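Observations on the three-dimensional arrangement
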Amino acid sequence: MVLSMPSQRLLDWFDVNERDLPWRRRDASAWHILVSEFMLQQTPVARVLQPWEQWIRRWPTPADMAAADGADVIRAWGKLGYPRRAQRLHACAKAIATEHDNVVPDDVDALLALPGVGEYTARAVACFAYGQPVPVVDTNVRRVIARACHGLADAPGPRRSDLDDALAIAPRTVDGEFADAAPRFSAALMELGALVCTARNPRCGECPLALSCAWVAAGRPAPTGPPKRTQRYEGTDRQARGRLLDVLRGCAGPVEQVRLDAAWPADPGQRSRALDSLLVDGLVEVTDDGLFRLGG
């Protein structure tokens, strides 16, 4: 099956509807874009905007962050969730500062060698920071391709063929080379999935691809697989971990066990499990006199 997509329609739509996100501006460096990609993992854009601005002001280069205390990095991560991302970003900054002369690499393989950088993040930085025509596939892109090209209501789980699909629909010149607009096309695909071709209540009447969309042509069939489970947060170990970290982030120095006990009193077993996992992850440390503090 040969995939195609009216790329110019999508690019024209993006020219009008692109969100003014700070990491997309001309003065955003590759480091700024890398920070945004770490923060945006499993986190909505609205929650990232303010922490990203604060982060960039405080640590405008990898070397600035590399010199920071690990506890300060975890504290600055605040309520973004999944705080191990902060640790990985800190380690990544150190590697860039020491191994790459404080410059984020522009090569996918070199990016993949950095701590905490996976396939998606490496490709996103190469594409959005350096304008390389490498395919960038996230949940939104998979959904747009599944609907527009395959006629499916939603995309199956991530597959290696996702990259092949993204390559197939990227705009090219008459000679078959990637067009200069290929990196912007990748950003436009993501934007369409985030704003119009959403998982719930897609607005097909506003979609620039509606006339050629295989899903629309098929009558917008419903998903055929089992319903996706919504991850709950209330009462989970994740919430317990967050409450314990909140206590430590709010204190200038180490705290006694009783302060942590008061943060999650309802289930002592779950609290102990959450604290143990924080210790294993290095997000929390025990001092020589038995007090608890942020790791790093």
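As shown above, the structure is provided for reference.
This text gives an overview of the structure that appears in the document.

Reading the values: the criteria
- Residues numbered from 1 in each chain as written.
- Predicted model: local features only at pLDDT ≥ 70, side-chain atom pairs only at ≥ 80, totals over all residues.
- Heavy atoms only, no water.
- Helix = DSSP H or I, 4+ residues; strand = E, 2+ residues; numbered from the N terminus.
- Contact = heavy atoms within 4.5 Å.
- Lys, Arg positive; Asp, Glu negative; His and termini not counted.
- Charge placed at Lys NZ, Arg CZ, Asp CG, Glu CD.
- 1 Å grid on protein atoms, 1.4 Å probe; cavity = no way out; pocket = protein on both sides within 12 Å on 5 of 7 lines; lining within 4 Å.
- Points joined across faces, edges and corners; volume = space filled by probe spheres on them.
- Axes fitted to C-alpha atoms, helices over the stretch in contact; angles between N-to-C directions.
- Parallel < 35°, antiparallel > 145°, perpendicular 65-115°, else oblique.
- Left-handed = near helix turned anticlockwise from the far one by under 90°.
- Nonpolar A, V, L, I, M, F, W, Y, C, P; charged D, E, K, R; others polar.
- Buried < 20%, exposed > 50% of the residue type's maximum accessible area, 1.4 Å probe, protein only.
- Core = buried A, V, L, I, M, F, W, Y, C linked by side-chain atoms within 4.5 Å.
- Expected span 1.5 Å × (residues − 1).
- Salt bridge = Lys/Arg side-chain N within 4 Å of Asp/Glu carboxyl O.
- Phe/Tyr/Trp six-rings, centres within 6.5 Å; stacked < 30°, edge-to-face > 60°.
- Lys NZ or Arg CZ within 6 Å of the ring centre and 35° of its normal.

In this section: the overall build of the protein. For the protein, the helix and strand inventory stands at 15 helices and two strands. Each of the three principal axes of the protein carries a C-alpha extent, and together these read 70 × 45 × 30 Å. A fraction of 62% describes how many contacts in the protein between residues 6 or more apart in sequence connect residues 24 or more apart. Placing the 36 positive and 37 negative side-chain charges of the protein at their respective mean positions leaves the two points 7 Å apart.

Considering only enclosed or pocket space, the second largest pocket measures out at about 410 Å³ in volume. Around the second largest pocket sit 22 residues that line it, and Gly 81, Tyr 82, Tyr 233, Arg 238 and Gly 242 are the ones nearest its centre. When contributions to the lining of the second largest pocket are tallied by element, the ones reaching two or more residues are α6 (84-99) and α13 (237-249). When residues of the lining of the second largest pocket are assigned to their parent elements, the largest contribution, eight residues, is made by α13.

Here the focus is the packing of helix α2 (residues 30-40) against helix α3 (residues 45-58). For the pair α2 and α3, the least separation of the axes is 10 Å and the interaxial angle reads 140°. Taken together, the axes of α2 and α3 lie oblique to each other. Like other packed secondary-structure pairs, α2 and α3 cross with a definite hand, here right-handed. Each of His 32, Val 35, Ser 36, Met 39 and Leu 40 in α2 lies in contact with α3, whose residues at this interface are Val 45, Val 48, Pro 51, Trp 52, Trp 55 and Ile 56. Considered class by class, the residues forming the contact of α2 with α3 number nine nonpolar, two polar and no charged.

With that settled, the discussion passes to unusual backbone geometry. Positive phi outside glycine occurs at Asp 101, with the angle close to 55°. Looking at the secondary structure, you find Asp 101 in the loop between α6 and α7 (108-112).

This next bit is on the environment of Ala 240. Along the polypeptide, Ala 240 turns up in helix α13. The exposure class of Ala 240 is buried, given its relative accessible area of 0%.

Taken across its ten residues, helix α8 (residues 119-128) has seven buried, putting it largely inside the fold. Buried within α8 we find Thr 121, Ala 122, Arg 123, Ala 124, Val 125, Ala 126 and Cys 127. Packing partners of the buried residues in α8 comprise α2, α7, α10 (161-169) and α11 (182-195).

Right, let's talk about the nonpolar core for a bit. By size, the foremost hydrophobic cluster in this structure holds 65 residues, and its most contacted members are Met 5, Leu 10, Trp 31, Leu 34, Trp 55 and Leu 192. With near-sequence residues (within four places) excluded, Met 5 lies in contact with Leu 10, Val 144, Ala 148, Cys 149, Ile 169, Phe 185, Leu 189 and Leu 209.

With respect to the helices, strands and loops of the structure, Ala 199 is situated in the loop between α11 and α12 (214-217). The spacing of Ala 199 and Asp 246 is 47 residues in sequence and 32 Å in space, taken between C-alpha atoms. Setting aside chain neighbours within four positions, we find Ala 199 in contact with Arg 143 and Arg 147.

This brings us to α11. Here α11 contains 14 residues, and its C-alpha end-to-end distance of 20 Å stays within 8% of the 20 Å for a straight helix at 1.5 Å per residue. Among the 14 residues of α11, eleven are classified as buried, and the element is accordingly described as predominantly covered. Inspection of α11 places Ala 182, Pro 183, Phe 185, Ser 186, Ala 187, Ala 188, Leu 189, Met 190, Glu 191, Leu 192 and Gly 193 among the buried residues, and these make up the whole buried set.

Turning our eyes to something else, we now look at the pattern of salt bridges. If you walk through the whole model with that rule in mind, you get 16 salt bridges. A salt bridge links Asp 281 to Arg 241; the shortest N-O distance between them is 3.1 Å. Of this pair, Asp 281 sits in helix α15 (residues 268-281) while Arg 241 sits in helix α13; the two residues are 40 residues apart in sequence, bridging distant segments of the chain. A relative accessible area of 16% places Arg 241 in the buried class. Residues joined by salt bridges that share partners form a network here, namely Asp 15, Glu 18 and Arg 184.

Under the criterion given, the structure shown has three aromatic pairs. Aromatic pair Trp 55 and Trp 59: ring centres 4.8 Å apart, planes at 70°, arrangement edge-to-face. A single burial state applies to Trp 55 and to Trp 59, both of which are buried. Where Trp 55 meets Trp 77, the ring centres are 5.6 Å apart and the plane angle is 85°; that geometry is what we call edge-to-face. A residue pair is termed long-range when its members are at least 10 positions apart, and Trp 55 in helix α3 and Trp 77 in helix α5 (residues 70-77) qualify at 22 residues. Each residue in the set Trp 55, Trp 59 and Trp 77 is aromatic and connected to the rest through ring pairs, giving one cluster. Positioned above the aromatic ring of Trp 215 is the side chain of Arg 147, whose terminal nitrogen or guanidinium carbon lies 4.6 Å from the ring centre. Across from the ring centre of Tyr 82, 4.2 Å away, lies the NZ or CZ of Arg 238, which sits over that ring.

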